[in-house]
Amino acid sequence: MFYVYFVGTAGSGKSTLTHIFSEWLKERNQDTLIVNLDPGAKWLPYGPDVDVRDFVSFEKVMQEFMLGPNGAFIACADLTASFADKLKEEVEAENPDYVLVDTPGQMELFAFREAGRVLISTLCSDRTAVVYLIDATLARRPSSLAASLLLSASVQLSLLRPQVNVLSKSDLLTGKDLEIATKWFENVEYIYTMMLREESALLGSLSQNILNALMEFEGLTSIIPVSSKTGGGIDDLFAYLQRVFGGGGEEFVDVGPFRIDEPWH
Ligand SMILES: Nc1nc2c(ncn2[C@@H]2O[C@H](COP(=O)(O)OP(=O)(O)OP(=O)(O)O)[C@@H](O)[C@H]2O)c(=O)[nH]1
Ligand SMILES: [Mg+2]
């Protein structure tokens, strides 16, 4: 059983990618189950097979504990963790090939609180990976991309799982944006030059330092442009996950060699 967690800042496209990726896997005859861990979700693009909302109600928590929305989200995150074993039982009863886990919009509640670590260490197998979504619309400048990658590194340091970065909503990128993203890990000199061209010299220099730190960070080796709207990059994401999971088992679908140097259209 393979667990894939979709993590990212609010609105980065987690739920949509969870849905599209599950459809992609099902078309390839992979038995796939979706877990929704967002107790505050009013609407989801998929029908969850296992749903935290069956155990934790955001509205009830607000009323019963007389909390505002932020306090209620924190209480919900902790309550969700207390149901981790029940959620796992439901997943294991189905015994799918892939378990796709959609995480809460308030990323810090999952990624940086103990509750998230409890959930990921209960709902897991020895093949568990995190897909970290960087919203393409927030990463148009090299310095913004550097800041997003730094946040991704923080998530990896907190969750301590193999992690893949995807540039979500890539259909919204211009050719130049896509060039910056795809060259990021291949051509450091190019990224340096782009940063120095940015309006604020201070920002450029800070970004350079962040870049240096990121290059030292082992987990960050590539970023995969993906669009849930066009389906672009989904096969690259799958191929990358195969590599993360160790690849080669007969349960894997052969999608050909992994390429990240050729932008999709
Ligand atoms: N153009 C485009 N829009 C997208 C894509 N993926 C998601 N969106 C849109 O982005 C918005 C947010 O998508 P969601 O999937 O709900 O994002 P999320 O990260 O689950 O949001 P929260 O759970 O609220 O944090 C929606 O309006 C989606 O239609 C994409 O690949 N391309
Ligand atoms: Mg969502």
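About the thresholds
Residues numbered from 1 in each chain as written. Chains lettered and ligands numbered in written order. Predicted model: local features only at pLDDT ≥ 70, side-chain atom pairs only at ≥ 80, totals over all residues. Heavy atoms only, no water. Core = buried A, V, L, I, M, F, W, Y, C linked by side-chain atoms within 4.5 Å. Buried < 20%, exposed > 50% of the residue type's maximum accessible area, 1.4 Å probe, protein only. Helix = DSSP H or I, 4+ residues; strand = E, 2+ residues; numbered from the N terminus. Contact = heavy atoms within 4.5 Å. Near = heavy atom within 4 Å. Polar contact = N/O pair within 3.5 Å; in protein donor to acceptor, adjacent residues only side chain to side chain. Areas by Shrake-Rupley, 256 points an atom, 1.4 Å probe, with all protein chains shown as cover. Nonpolar A, V, L, I, M, F, W, Y, C, P; charged D, E, K, R; others polar. Pairing = 2+ DSSP bridges. 1 Å grid on protein atoms, 1.4 Å probe; cavity = no way out; pocket = protein on both sides within 12 Å on 5 of 7 lines; lining within 4 Å. Points joined across faces, edges and corners; volume = space filled by probe spheres on them. pLDDT = per-residue confidence, 0-100.

1. With respect to the nonpolar core
Counting 45 residues, the largest nonpolar core has Tyr5, Leu37, Leu145, Leu167 and Trp184 as its most contacted members. The greatest single-element share of this core, amounting to six residues, is contributed by helix α7 (residues 142-159). If sequence neighbours within four positions are ignored, tryptophan 184 has contacts with Pro142, Leu145, Ala146, Leu149, Ile191, Met195, Leu211, Leu214 and Met215.

2. Some points on the site of ligand 1
Inspection of the region around ligand 1 gives 15 residues, with Gly11, Lys14, Thr16, Asp171 and Ser228 positioned closest. Residue serine 15 places a side-chain N or O atom 2.9 Å away from an oxygen atom belonging to ligand 1. Compared with its free state, where it exposes 650 Å², ligand 1 has 66% of that area covered by protein. Class assignment of the residues belonging to the shell around ligand 1 gives a composition of two nonpolar, eight polar and five charged.

3. Here's the deal with the pairing of strand β1 (residues 2-8)
With seven of seven residues buried, β1 is to be regarded as a mostly interior element. Here β1 runs beside strand β4 (residues 98-102); their pairing, made up of five bridges, is parallel. Along β4, the bridge assignment pairs phenylalanine 2 with tyrosine 98. Two strands pair when backbone bridges link them, and β1 and strand β5 (residues 128-135) are joined in this way by six bridges, in the parallel orientation. In the strand pairing of β5, glycine 8 is matched with leucine 133.

4. Topic: empty space enclosed by the protein
Counting across every chain of the model gives one cavity of 30 Å³ or more. There is about 80 Å³ of room inside the largest cavity. Of the residues contributing to the lining of the largest cavity, the split by class is nine nonpolar, two polar and no charged.

5. Observations concerning the confidence of the model for the protein
Taken over all residues, the pLDDT of the protein has a mean of 85, while the share at 70 or more is 88%. Long-range and interchain partners of residues 248-265, a stretch whose pLDDT sits below 50, account for 40 contacts in this model, where long-range means more than four residues apart.

6. Observations regarding unusual backbone geometry
One non-glycine residue, leucine 160, lies in the positive phi region at around 55°. On the secondary structure map, leucine 160 appears in the loop between α7 and β6 (163-168). We note that lysine 169 has phi near 60°; this positive angle belongs to a residue other than glycine. Of note, lysine 169 is situated in the loop between β6 and α8 (175-183).

7. Notes on the layout of surface pockets
Of the pockets and cavities examined, the largest pocket occupies roughly 210 Å³. Residue lining of the largest pocket: 16 residues in total, with Gly11, Lys14, Ser15, Asp38 and Gly105 positioned closest to the centre. For the lining of the largest pocket, the class distribution of residues is five nonpolar, eight polar and three charged.

8. Brief notes about the environment of valine 131
Inspection of the secondary structure assignment puts valine 131 in strand β5. Spatially, the C-alpha atom of valine 131 lies 4.9 Å from that of phenylalanine 6, the residues being 125 residues apart in sequence. Non-local contacts of valine 131, meaning those with residues more than four positions away in its chain, are made with Val4, Tyr5, Phe6, Val7, Leu17, Val164, Val166, Leu237 and Leu241.

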